[in-house]
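Given next are the chains, with one letter for each unit.
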Amino acid sequence: MHSTSVLILVGILGLTLGAFLALLTVRGRTSVERSQELEQRLQEANDKLRDFQLQVNEHFDQTAQLVHNLTESYRDVHEYLANSALRLSNQDIGRQMLEAGSGKLQNDDSQLKDMKPPRDWAPKEPGTKGTLAEDYGLDKEAHAGS
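Below, the structure is looked at part by part. The model shown is predicted, which means the values in this text are computed figures rather than measured ones. (Residues numbered from 1 in each chain as written. Predicted model: local features only at pLDDT ≥ 70, side-chain atom pairs only at ≥ 80, totals over all residues. Heavy atoms only, no water.)

1. Let's talk about the overall build of the chain
Consideration 1: The number of helices and strands found in the chain is four helices and zero strands.
Consideration 2: Each helix (α) and strand (β) of the chain, taken in turn from the N terminus, gives the series α-α-α-α.
Consideration 3: Considering the chain as a whole, with its 146 residues, one finds that 4% of them fall into the buried category.
Consideration 4: Of the roughly 13,700 Å² that the chain leaves accessible, carbon and sulfur atoms contribute 58%. (Helix = DSSP H or I, 4+ residues; strand = E, 2+ residues; numbered from the N terminus. Buried < 20%, exposed > 50% of the residue type's maximum accessible area, 1.4 Å probe, protein only. Areas by Shrake-Rupley, 256 points an atom, 1.4 Å probe, with all protein chains shown as cover.)

2. Quick look at the pattern of salt bridges
Consideration 1: By the definition in use, this model includes two salt bridges.
Consideration 2: The shortest N-O distance in the salt bridge between Asp47 and Arg50 comes to 3.0 Å. Taken together, the positions of Asp47 and Arg50, both in helix H1 (residues 2-88) and three residues apart, correspond to about one turn of that helix.
Consideration 3: According to the relative accessible area criterion, Asp47 is partly exposed, its value standing at 30%.
Consideration 4: Taking the relative accessible area as the measure of exposure, Arg50 reaches 46% and is therefore partly exposed.
Consideration 5: Salt-bridge contacts for Arg75 lead to Glu72; the nearest nitrogen and oxygen are separated by 2.9 Å. You can see Arg75 and its partner Glu72 sitting in helix H1, three residues apart, about one turn around the helix.
Consideration 6: Among the residues examined, Glu72 registers a relative accessible area of 30% and is labelled partly exposed. (Salt bridge = Lys/Arg side-chain N within 4 Å of Asp/Glu carboxyl O.)

Everything listed here is a matter of geometry and, on its own, says nothing about what the molecule does.
Laid out in structure tokens, this is it:
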């Protein structure tokens, strides 16, 4: 009887040890598979990011080209109008348009000197501030009570 109980005990111990080793193996494989899956997902995310960055670069390149084309078209239209103005109307107007298109339009300082700040034409009672005053409509009594 002694040998049968030892045999059963060794069998149970072997089964327990086998189950424990199987569990460790399955867990090890699961973590390896999980890390491989995470690496694959990371690679896919990096690929998507790289593709997105390429699309953004292409978008801005295309936008810059379109803006350049628009600027050239504007310049062509402006030159056409200025040349037409030279031929069809007063030559001074045509020259001014050509100079404006090339950025060479002269600033007339005499016009700037003659400019004056806006006046307050709003109706007001004598001795009161107009609507353009910084503190217009602010009652001192209302501020004192706050």
